[in-house]
Amino acid sequence: MKRTLLSVTLLTAVLLLFSNCSQSSTASKENKVLPAKGSVAPVDTVAPATVVYPPLNKVLYDTLVKRLAHGDTTGKWPVKGAPYPLPGAILPFKRVVAFYGNLYSKKMGILGELPPNEMLAKLKGEVKNWERADPKTPVQPALHYIAVVASGDPGKDKMYRHRMPFKQIDTILYLAKKAHAIVFLDIQVSLSNIRTELPLLEKYIEMPQVHIGIDPEFSMKDGTLPGRKIGTFDADDINYVSGYLANVVRKHNLPPKIFIVHRFTKKMVTNYKNIKLHKEVQFVMNMDGWGEPDLKLGTYRNFIYPEPVQFTGFKLFYKNDLKKAPHHMLTPTEVLKFKPYPIYIQYQ
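Sequence order sets the numbering: in each chain, residues are counted from 1 along the sequence as written. At least 70 in pLDDT is required for a residue's local features to be given in this predicted model, at least 80 for side-chain atom pairs to be given and counted, and no such filter applies to totals for whole chains, interfaces and linings, which use all residues. Side-chain metrics in this entry use all non-hydrogen atoms of the structure; hydrogen atoms and water are not considered.

Enquirer: If you had to explain the packing of aromatic side chains to someone new, which residues and values would you point to?
Expert: The geometry of an aromatic ring pair is captured by the separation of the ring centres together with the interplanar angle, meaning the angle of the planes. Two aromatic rings, drawn from Phe, Tyr or Trp (for Trp, its six-membered ring), form a pair once their centres lie within 6.5 Å of each other, and the interplanar angle then sorts them: stacked below 30 degrees, edge-to-face above 60, tilted otherwise. With the rule as written, the count across this model stands at 12 aromatic pairs. Taken together, the ring pairs in this structure connect Y61, Y84 and F93 into an aromatic cluster. A ring is scored as having a charge over it whenever the NZ atom of a lysine or the CZ atom of an arginine sits within 6 Å of its centre and within 35 degrees of its normal. Sitting above the plane of the Y318 ring, K122 keeps its charged end 4.7 Å from the centroid. Residue placement shows K323 over the ring face of W290; its charged tip is 5.2 Å from the ring centre.

What follows is the structure, given as structure tokens:
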């Protein structure tokens, strides 16, 4: 999928041909210094007390998973052999609707573009839109925060990524609590690697309301700078994250973690058949491309549908989906025509 992006201060003169974070692939130096206007100091980020969940209703779970297949008759969906999740699982009992971005940048997504209260009000509106489009599926709001940002600035260790300060993550937790939302921490490793970056977030992963996303687009295994080409994760990288999350869940008696992997090309995820599933982790392959409706549908059909892992997601761009004719962002009703039904929806 070829695409032309807006230039970014730290990637001056680089013409980008792709992006899942198309409004800005990187955080700029000035974005590291000052928080966005309207950000608030955290008041209470203490994790909720341990909750005892009722046993999993396997009959209902099977019914809902079959419904997500949306009548597929190829045998691909629903995925065969997937383990039942631990009690407290969110999917497929609820659809997650998330706002994506970073509080330091208005160009990386809706989460940081609007003042916090306005952003939360807009998220509430999107939740209602999805509830109207699919009354049978309750909606769980979420904030999907880019906690490790690929950058054109090499940084002190020359890894071309910047780790967001914990105080900023705490602010996201505070905002999520106000909205009764869960939180996703997203990782763009750049020249670093997922085995280095993920453990640094463990104190947050130990919280039952915090989940994880990783972005292959910015995993530059060959040393190419981010933004010059599309990166990749192998099943081995993905299995490392799943195994890590599963261990944290077991250690702290948590409900299952949702694990998001973004994708809009085939090579972004390699050896998908080797991806391992765990009862402690709910895996979502998220269609991350932007463009006109037909292009997005084609991406979903070509790179998500034919390589089933467990659940699917779909990303909508408030601005970039409107760039080309017919200048239309897909509505919830239109997205629900896809096969299988996405159970995770992300707005940027």
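Enquirer: Let's hear about the nonpolar core: which residues, and what values?
Expert: Side chains of nonpolar character tend, in soluble globular proteins, to be buried together. Here the nonpolar core consists of buried residues drawn from Ala, Val, Leu, Ile, Met, Phe, Trp, Tyr and Cys, with membership extended through side-chain atoms lying within 4.5 Å. Accessible area is worked out with a 1.4 Å probe on protein chains only. A residue is then buried under 20% of its type maximum, exposed over 50%, and partly exposed in between. Residues L143, L185, I214, F259 and Y347 are the most contacted members of the largest nonpolar core, which totals 92 residues. The contact definition used throughout considers only heavy atoms, calling two residues in contact when any of these lie within 4.5 Å. Contact partners of Y347, with chain neighbours within four places excluded, come to V97, A98, F99, Y100, I110, E126, W130, L316, Y318, M329 and P332.

Enquirer: A description of the pairing of strand β2 (residues 139-150) should follow, citing residues and the corresponding values.
Expert: Going along the chain from the N terminus, every DSSP run of H or I of four or more residues is numbered as a helix, and every run of E of two or more is numbered as a strand. Most of β2 is tucked away: 12 of the 12 residues are buried. Note on pairing: two strands pair once DSSP finds at least 2 bridges between them. Bridge count between strand β1 (residues 95-101) and β2: 7 bridges; the pairing is parallel. Paired with V97 across the bridge in β2 is P141. Here 3 bridges tie β2 to strand β3 (residues 161-163), and the two strands are oriented antiparallel to one another. Across the sheet, V149 pairs through a bridge with H162, a residue of β3.

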